[in-house]
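Close look at the chain arrangement
What follows is each chain in one-letter form.
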Amino acid sequence: GEKRGSAWDRLKEPRREYEEVIRMTALWLFDYLKKTKGGGIAQALSGGADSAFNSVMVKAMVSLTIKELGVEGFCKEMSHLPFKDEILAAGKVSEDEAIKVAMRHMMTNVYMGTNNSSGATKNAARSLCEGGVNEDGNPFDGIGGVYEQQNIQDFLDFTAMAMAVTDSTKIEQSRKLHLQKLVAEHMSLKPGSVTPEELKVREDAIKQEFPEVTQLMSAANPAHLVAYENAQAALRQVLINRRANMENKRPVANPNLDEARNAYATYGGDLHSGVFNLNAHLPKAYQLQLMKHLYNHGLEGVMEPVKALGVVLKNKPTAELQPQNDKGEVTQNDEDALKGSFEQL
């Protein structure tokens, strides 16, 4: 019973469980795309662990199936892919080249930042896909795919405007632009930056100048903070779903099990940002163990150690949904919001 085809599959191998979970997840994703005739995955990549996990599972899926089936076998199983001839042509060079081409077509990651986002998460998202240089000065490869950055602050500001008035189309353009600026500034006031009395004075002044205003949202109002946070996640869901529809890709949601069962996910936002979820069953601490395995060991015979995960694993998990402080620092992190460590959860 101890003889297996690969070293990782030996019953007493300590890494066997991690290898098995990652491989089963990758093969499930392959089966899902094959049956639904999906062209790949589209995701709002945050620079955090959850979305990074899903992206690396795409790389594991492409790598594992091409390594096991061969390039021709992969393309035969995925016969619906309109770009399969490009993968076949790359396969004549090498399997690794075919994997790169497949990833370029099959994974779209978009970092959708706001004024609350930090350089740390943007760098983590970019380097995961495109590679970079670690703290020791050693270069590392990214996992590939298409990586783009899109600032959605204007979209968020416009949403606040749409909420503030019943019909913005009836406001003259120059007044509308001025109102939109006032509403956006009011929405983005930092928590604790004004007293409740000062906040009311500001609201009354806006409503006096613009009788069209019916409601105002502000991050400085404790009663509005959840709405302000959720608005950002909900907008990302809208945009990434449209991108997936345009490219015949499948959008992926990414709240882990701890977030879902502790209600730390946005209904209509990240909770519903995809038509499936690869980590919904994983407690965050266990998911991080899987990612550390990939960082240290890769997948035996399939992927080299995924050093591109290093920046993601180094950053403290945060949703970055609250305004930064006066020093430009992120003021929110997930474990504080959940009032417990991931291990405790």
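Residues numbered from 1 in each chain as written. Predicted model: local features only at pLDDT ≥ 70, side-chain atom pairs only at ≥ 80, totals over all residues. Heavy atoms only, no water.

A word on the overall build of the protein
To keep things clear, this is the line we draw: Think of it this way: any DSSP run of H or I at least four residues long counts as a helix, any run of E at least two long counts as a strand, and we number them from the N terminus. Here the radius of gyration uses the C-alpha set of atoms, whereas the globule reference equals 2.2 Å times the residue count to the power 0.38. Relative accessibility thresholds used throughout: buried, under 20% of the residue-type maximum; exposed, over 50%; partly exposed, between the two (1.4 Å probe, protein chains only). What makes two residues a contact is simply this: any of their non-hydrogen atoms within 4.5 Å. Methods summary: accessible areas were calculated by the Shrake-Rupley approach with a probe of 1.4 Å, and residue burial reflects only the protein chains presented. In this count, Lys and Arg are taken as positive residues and Asp and Glu as negative ones, while His and the chain termini are left out. Positions of charges follow a simple convention, taking NZ of Lys, CZ of Arg, CG of Asp or CD of Glu.
From N to C terminus, the protein includes 13 helices and seven strands. The C-alpha atoms of the protein give 23 Å as radius of gyration, which agrees with the globular expectation for 345 residues (20 Å, within 12%). When the backbone C-alpha atoms are referred to their principal axes, the protein occupies close to 80 × 45 × 40 Å. Per-residue burial for the protein yields a buried fraction of 50% across its 345 residues. The contacts in the protein between residues at least 6 apart in sequence include a share of 68% that link residues at least 24 apart. In the structure as shown, the protein presents an accessible area of about 16800 Å², 51% of it carried by carbon and sulfur atoms. For the protein, the distance from the average position of its 40 positive side-chain charges to the average position of its 46 negative side-chain charges is 4 Å.

Remarks on the environment of Val-306
Along the chain, Val-306 turns up in the loop between α11 (284–297) and α12 (310–314). Along the primary structure Val-306 and Lys-292 are separated by 14 residues, whereas in three dimensions their C-alpha atoms are 9.0 Å apart. Non-local contacts of Val-306, meaning those with residues more than four positions away in its chain, are made with Ile-143, Leu-294, Tyr-295 and Gly-298.

Here's the deal with the packing of helix α6 (residues 153–164) against helix α9 (residues 225–247)
Filter applied, for reference: Fitted lines through C-alpha atoms serve as axes, helices being fitted only where they are in contact, and the angles separating the N-to-C directions of these axes extend from 0 to 180 degrees. Left-handed describes a crossing whose near helix is turned anticlockwise from the far helix through less than a right angle; right-handed describes the clockwise counterpart. Classification convention: Asp, Glu, Lys, Arg as charged; Ala, Val, Leu, Ile, Met, Phe, Trp, Tyr, Cys, Pro as nonpolar; all other residues, Gly among them, as polar.
The contact between α6 and α9 brings their axes to 10 Å, and the two run at 115°. As for the relative orientation of α6 and α9, their crossing is right-handed in sense. Contacts from Phe-155, Leu-156 and Thr-159 in α6 reach Tyr-228, Ala-231, Gln-232, Leu-235 and Leu-239 in α9. Across the contact of α6 with α9, the residue classes break down as six nonpolar, two polar and no charged.

Points about the pattern of salt bridges
The condition is simple: The working definition used for a salt bridge is a side-chain nitrogen of Lys or Arg within 4 Å of a carboxyl oxygen of Asp or Glu.
Here the structure, examined in full by the defined rule, presents 16 salt bridges. Arg-15 is the salt-bridge partner of Glu-13, the closest N and O atoms lying 3.9 Å from each other. Overall, the relative accessible area of 19% leaves Glu-13 in the buried class. Residue classification places Arg-15 among the partly exposed residues on the basis of a relative accessible area of 31%. Note that Arg-243 is salt-bridged to Glu-247, the shortest N-O span being 2.5 Å. Placement of the pair is Arg-243 and Glu-247 together in helix α9, with a separation of four residues, close to one helical turn.

Thoughts on the environment of Lys-207
One can find Lys-207 in helix α8 (residues 196–209). On the basis of relative accessible area, Lys-207 is assigned to the partly exposed category, the value being 33%. In this structure, the C-alpha to C-alpha distance between Lys-207 and Leu-179, residues 28 residues apart in sequence, is 10.0 Å. Discounting chain neighbours no more than four positions away, the residues touching Lys-207 are Val-213, Thr-214 and Leu-216.

Describing the packing of helix α2 (residues 49–77) against α11
The line we're drawing: Between 65 and 115 degrees an angle is taken as roughly perpendicular, under 35 as roughly parallel, over 145 as roughly antiparallel, and anywhere else as oblique.
Where α2 contacts α11, the two axes come as close as 11 Å, and the packing angle between them is 50°. By the angle between their axes, α2 is oblique relative to α11. Crossing geometry of α2 relative to α11 is assigned as left-handed. Taken together, the residues of α11 that come into contact with α2 (itself represented by Ala-49, Asp-50, Ala-52, Phe-53, Val-56 and Met-57) are Lys-284, Gln-287, Leu-288, Leu-290, Met-291 and Leu-294. When grouped by side-chain class, the residues that make up the contact of α2 with α11 number nine nonpolar, one polar and two charged.

With respect to the sheet that holds strand β5 (residues 146–151)
Think of a sheet as strands paired side by side through backbone hydrogen bonds, with each pair either parallel or antiparallel. What counts here: A pair of strands is considered paired only if DSSP assigns at least 2 bridges between the two.
Read from one edge to the other, the open sheet built from five strands follows the order β5-β2-β1-β6-β7, with strand pairing classed as parallel. Only two strands of the sheet have a single neighbouring strand rather than two, namely β5 and β7 (276–277). Here strand β1 (residues 41–44) runs beside strand β6 (residues 250–253); their pairing, made up of two bridges, is parallel. Directly across from Ile-41, in β6, lies its bridge partner Arg-250.

Regarding the environment of Ala-234
Relative to the helices and strands, Ala-234 is located in helix α9. Measuring from C-alpha to C-alpha, the distance between Ala-234 and Thr-266 comes to 7.2 Å, with 32 residues separating the pair along the chain.

Things to note about the side chain of Glu-13
Counting through the fold element by element, Glu-13 comes out in the segment before α1 (16–36). When sequence neighbours within four positions are dropped, the list of residues in contact with Glu-13 reads Ala-7 and Trp-8.

Comments concerning the packing of aromatic side chains
To keep it simple, the criterion reads: Centre distance within 6.5 Å is the pairing criterion for rings of Phe, Tyr and Trp, where only the six-membered ring of Trp is used; planes under 30 degrees apart are then read as stacked, over 60 as edge-to-face, and the remainder as tilted. Over a ring means this: the NZ of a Lys or the CZ of an Arg is within 6 Å of the ring centre and within 35 degrees of the ring normal.
Per the stated rule, a full pass over the model turns up five aromatic pairs. For the pair Trp-28 and Tyr-32, a centre-to-centre distance of 5.2 Å together with 15° between the ring planes defines the contact as stacked. Separated by four residues within a single helix, Trp-28 and Tyr-32 lie in helix α1, roughly one turn from each other. In this structure, Lys-307 is placed above the aromatic ring of Tyr-295, and the distance from its NZ or CZ to the ring centre is 3.9 Å.

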